[in-house]
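# Structural description and commentary
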Amino acid sequence: MSSLEAAATADGAEAGSRTKSISPRTIPVVGVVTPHEDVQGIFKSMDLNRIIKLLEENDKDDLEEKQLNSVTKLVQYYQNGFPLRDLAQVFKILGLCADKIEKQPCFVDPASDLIKLCGLPFLKKKVSDEITYTEDTANSLALLGELMKVPSSKLRIQICKCIIDFYHAEPPKKHIPGYQQVSSSYKIKMAEAGGLAKAMVQSVHLLENQLVEKLWVLKVLQHLSTSEANCTLMVKTQAAGGICAHLNDPDPSGQLLFRSSEILWNLLEKSSKDEVIQQLSNLECLLALKEVFKNLFMRGQSHYDRQLRNDILVITTIIAQNPGAPMIECGFTRDLILFATFNEVKSQNPLVKSLKLSNSYEDFELKKLLFNIIVILCKDLTTIQILIDGKVILALFTYVKKPEKLKIIEWSAAQYEELQLHAIATLSSVAPLLIEEYMACQGNARILAFLEWCEHEDSFFIHGNSFHGTGGRGNKFAQMRYTLRLLRAMVYLEDETVNTDLCEKGVIHQLIGIFKNMASKPDDKEEAIALEIQSDALLILSGLCEHYIQRKEIFGTEGVDIILHVMKTDPKKLQSGLGYNVLLFSTLDSIWCCILGCYTSEDYFLEKEGIFLLLDILALNQKKFCNLILGIMVEFCDNPKTSAHVNAWRGKKDLTAASLLIKLWRKEEKELGVKRDKNGRIVDTKKPLFTSFQEEQKIMPLPANCPSVAVMDVAENIRAKIYAVLGKLDFENLPGLSAEDFVTLCIIHRYLDFKIGEIWNEVCEEIKLEHLKLVASDKMSLESITAATENIGKMVATLQSEMIESQAHQDVQNEQRVYAKIQATHKQRELANKSWENFLARTSNAKTLKKAKRLQEKAIESSKYSERPKHATFHQTVIKGLNTTVPSGRVVTVESTPVRLLGGPLADTDIALKKLPIRGGALQRVKVKPLNELKTNNPI
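Not measured: the values here are computed from a predicted model. (Residues numbered from 1 in each chain as written. Predicted model: local features only at pLDDT ≥ 70, side-chain atom pairs only at ≥ 80, totals over all residues. Heavy atoms only, no water.)

### Observations concerning the overall build of the chain
On a plain count of helices and strands, the chain comes out with 45 helices and four strands. Residues counted as buried form 44% of the 940 residues belonging to the chain. Contacts spanning at least 24 positions in sequence make up 75% of the contacts within the chain whose residues lie at least 6 apart. (Helix = DSSP H or I, 4+ residues; strand = E, 2+ residues; numbered from the N terminus. Buried < 20%, exposed > 50% of the residue type's maximum accessible area, 1.4 Å probe, protein only. Contact = heavy atoms within 4.5 Å.)

So this is what it looks like as structure tokens:
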């Protein structure tokens, strides 16, 4: 049984077995406990406080040997680890030993042994010990960092090994009764809390000339930097700059560079990235990075060297994002551009004269990283001359061509494809800065030729494995997409030389062809990329045709057709998130830039019902499109043919264009917080157009060249455009408006007057704020203008009230007419019911029937002439003896007689025999009795 196990057993019997008082901090005597002693619970004790006092004494001759023996016994006793409750005293003993090392080197070994035991898991007797001794543990582990100042190589290395053991804890070799091992994560957390990382960073500066110890410290920092808390402490002590500045220090083993780069990576990932970049953005660090990268680039042959080279380049790329980094001053920029282009452009520079990249994965990644850092470097305009000297444009354009199957290249097909796409993407950033070099390399011709190859179908199929090749597997969509991005970047420079050269080479027709080709190949899998290509094509066409009538004529009807094709897209697709919104925006921009101003295109657009399609999109009530569509409508209304199309349009529920525009006005004012009553009337006649933002915004004196809030309001919402469109349509002849629309139209009609009044009010307020005094005539004029504006507001409010009252009166009249119609209907029903009752009475009561008959005959007689005209032929109209009270003739129709008995109304004619029966079977000839027989056989 070990001494620590004996201590655990003895703790339980300690109170009953001891007869004399002892110190509260007692430890059983170090040594092997026999089974007999273990049973009896009898131990010799060792007082840690006594050891501390012994180490503090300095005046005895044989003291050194006693001190060494006591520490040695302590090490033997705690050979399975330190309990948390004893850590504070143990580390105090360790500190006393360390203080003696400089004068008494014999204390190095005991101190090293104690530190070695710190690498073992700490022990806890209770679960609460971890919380109870948190502060003691954190302070104790912090002392390990302070001990790095002790001038002993062995001690320093042992401290580093101990800290590394925190992260590689071995499982317990055997269980110790009464104690549990503390988890390794507890040690790591306590090291973070104690600030061990800060002390270890400070120790690096003490070991600049001691390579072995420095490598051990870097190994420790490598482990410590896996924690965000430690990284934050390390950054505060300027760890990034101090480590990076010594990257190029001599080290035959190569560990210094590897471990330092790993630490820098962790600091960038787990702490404040901006702060780390700021520490690395100095001449000393960049020179060290430059030398390391050059050495690895030129001399690195192993897989490990190439990986390390790429890591250094990534760190450099991150630093280059800081505009204040002296990349050019240290010469790093020139070297990086040389390394990026030497494979494509021959150079006599001795650095790259005998260099050649392989098709290994590391060299392939290096090439992509070099392309990437060019994009970052070109953001600094001082780099432009270096880019020109390095012939970057020419080097990148070597990839903008059809792959040559017969030519042997150093890259595989998949690698070349990815580098090609990366080079085109890089050109999109670099070429706009180097227009002369771009034109010198015949950039337009190369791009259009490459686009033509992308458009044609052949046996070439790309792999689509890279980031830039997303969505391009088995087709050329990826190449086309990045090439169009490059072309768009060049066109939007608005450089006349570039754009004219493109138009002379037929780019407009070529882009229209690309659009048609993409639109005719619906592919659900690559739909988003196809839509992006179409959007870019339209944006390029817009950039080329704007302000140039000749180019708009080239765009022509063929271009108008592709625009109309997009405008007919199902509105549901606008919510799909695939890019239909962007395509529609590009289309609307193309209408503005490629159609407006060219009368033939405008007429063709109108002829193909383009205005109807515009209004259909406007009726979708999507705010993001309204402003642009209304702007197009304003310009289109200058064409005299437009008004008829606008007025002829009908939306859902027979909605007219004028009503749609007025509804948009009301919605806009509601969003802007304009004050209106429930009927839409003006509330404040002095400020009829004021928005909630204008109410909150205080008027301040502004220079003459700065627009005021009232002026900015014109551009920030759609009210001015709605006013312009309705004004061009003629306010007086707008179809399909309701009373509510007319009330709103009164305000729209006076929009310009109200806006001018707002500006004059701002002028008045600014004059008051600046304490200016006007001359009498100016003051009178200003008051007149203000009063006139208010009068217009009152007049409009009065007119609106009259319209509302008129509409209310009209509503009442309409309601009365409806009620009269309902009343007439009920009266007619009553008369019909009464007539039916009379009919029933006549048929069921013979006296009533005779009475009715007499009344009928009397009415007939009263209707005849009193005197018969001479020579007139009299025709008897009444059949004598017929007891009916309805007008009778020689043909009687009895409704109650079934059709099947009579055979239909034509049964007694020859024509009936030629007709097909409608119902009741075949038609039959029925013998009809004479009327006098009916009268004798069926008396009423």
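### Structural notes on unusual backbone geometry
One non-glycine residue with positive phi stands out, namely K391, at about 50°. Tracing the backbone through its elements, the reader meets K391 in the loop between α21 (384-389) and α22 (392-397). You can call K391 partly exposed: its relative accessible area is 46%. At D654, a position not held by glycine, the phi torsion is positive, near 60°. Along the polypeptide, D654 turns up in the loop between α35 (642-648) and α36 (657-672).

### Some words on the packing of helix α5 (residues 87-101) against helix α8 (residues 134-146)
Contact geometry of α5 with α8 gives a least axis separation of 9 Å together with a crossing angle of 20°. By the angle class used here, α5 and α8 are roughly parallel. As for the relative orientation of α5 and α8, their crossing is left-handed in sense. Contact residues: α5 offers L87, A88 and F91, while α8 offers D136, T137, S140, L143 and L144. Classifying every residue of the contact of α5 with α8 by side-chain character gives five nonpolar, two polar and one charged. (Axes fitted to C-alpha atoms, helices over the stretch in contact; angles between N-to-C directions. Parallel < 35°, antiparallel > 145°, perpendicular 65-115°, else oblique. Left-handed = near helix turned anticlockwise from the far one by under 90°. Nonpolar A, V, L, I, M, F, W, Y, C, P; charged D, E, K, R; others polar.)

### Quick word on the side chain of T744
Summarising the element assignment, T744 is placed in helix α40 (residues 739-749). In this structure, T744 is in contact with I662, W665 and R666, ignoring residues within four places of it in sequence.

### Quick notes on the packing of aromatic side chains
A complete count under the given rule lists 19 aromatic pairs for this structure. Centre to centre, the rings of F293 and F297 are 5.7 Å apart; their planes meet at 40°, and the pair counts as tilted. Taken as a pair, F293 and F297 lie in helix α17 (residues 283-299) at a separation of four residues, close to a single helical turn. Residues F293 and F297 agree in their burial class; the two are buried. With a centroid separation of 5.7 Å and an interplanar angle of 85°, the aromatic rings of W665 and Y751 are classed as edge-to-face. You can see W665 sitting in helix α36 and its partner Y751 sitting in helix α41 (residues 751-769), a full 86 residues away along the chain. The class for W665 is buried, based on a relative accessible area of 0%. Residue Y751 is classed as buried on the basis of its relative accessible area, which comes to 3%. In textbook terms, an aromatic cluster arises when at least three aromatic residues are bridged by ring pairs, as seen for F293, F297, F332, F339 and F342. For K187, the ring lying beneath its charged end belongs to F122, and the centroid distance is 4.5 Å. When the ring centre of W453 is taken as origin, the NZ or CZ atom of K476, which lies over that ring, is 4.3 Å away. (Phe/Tyr/Trp six-rings, centres within 6.5 Å; stacked < 30°, edge-to-face > 60°. Lys NZ or Arg CZ within 6 Å of the ring centre and 35° of its normal.)

### Observations concerning a nonpolar patch on the surface
A grouping of V711, L752, I756, I759, W760 and V763 is seen on the molecular surface, where their side chains present a nonpolar patch of about 440 Å² in accessible area. A per-element tally of the nonpolar patch places α41 first, with five residues. When you line up the elements, V711 lands in helix α38 (residues 709-716). (Patch = residues over 30% accessible without salt bridge, like charges linked within 9 Å, V, L, I, M, F, W, Y side chains within 5 Å. Areas by Shrake-Rupley, 256 points an atom, 1.4 Å probe, with all protein chains shown as cover. Salt bridge = Lys/Arg side-chain N within 4 Å of Asp/Glu carboxyl O.)

### What about the pattern of salt bridges?
All chains considered together, the criterion is met by 33 salt bridges. Notably, a salt bridge pairs K214 with D249, separated by 3.1 Å at the nearest N-O pair. With K214 in helix α12 (residues 211-224) and D249 in the loop between α14 (239-245) and α15 (255-270), this residue pair connects regions lying 35 residues apart in the sequence. E669 is paired through a salt bridge with R719; the nearest N and O atoms lie 3.4 Å apart.

### As for the environment of L267
If you trace the backbone, L267 turns up in helix α15. A relative accessible area of 0% means that L267 is categorised as buried. When the C-alpha positions of L267 and A240 are compared, they lie 7.3 Å apart, and in sequence the two are 27 residues distant. When residues no more than four places from it in sequence are discounted, the contact partners of L267 are C231, M234, V235, A239, A240 and V276.

### Notes on helix α31 (residues 580-595)
The terminal C-alpha atoms of α31 lie 21 Å apart, and with 16 residues this matches the ideal 22 Å at 1.5 Å per residue to within 8%. Within α31, twelve of the 16 residues are buried, which leaves it mostly tucked inside the rest of the structure. When α31 is considered as a whole, its buried residues turn out to be Y580, N581, L583, L584, S586, T587, L588, S590, I591, C593, C594 and I595. Elements that come into contact with the buried residues of α31 comprise α28 (507-519), α29 (527-545), α30 (549-567), α32 (599-607), α33 (610-618) and α34 (623-636). G597, located one to two residues past α31, shows a positive phi value of around 100°. (Expected span 1.5 Å × (residues − 1).)

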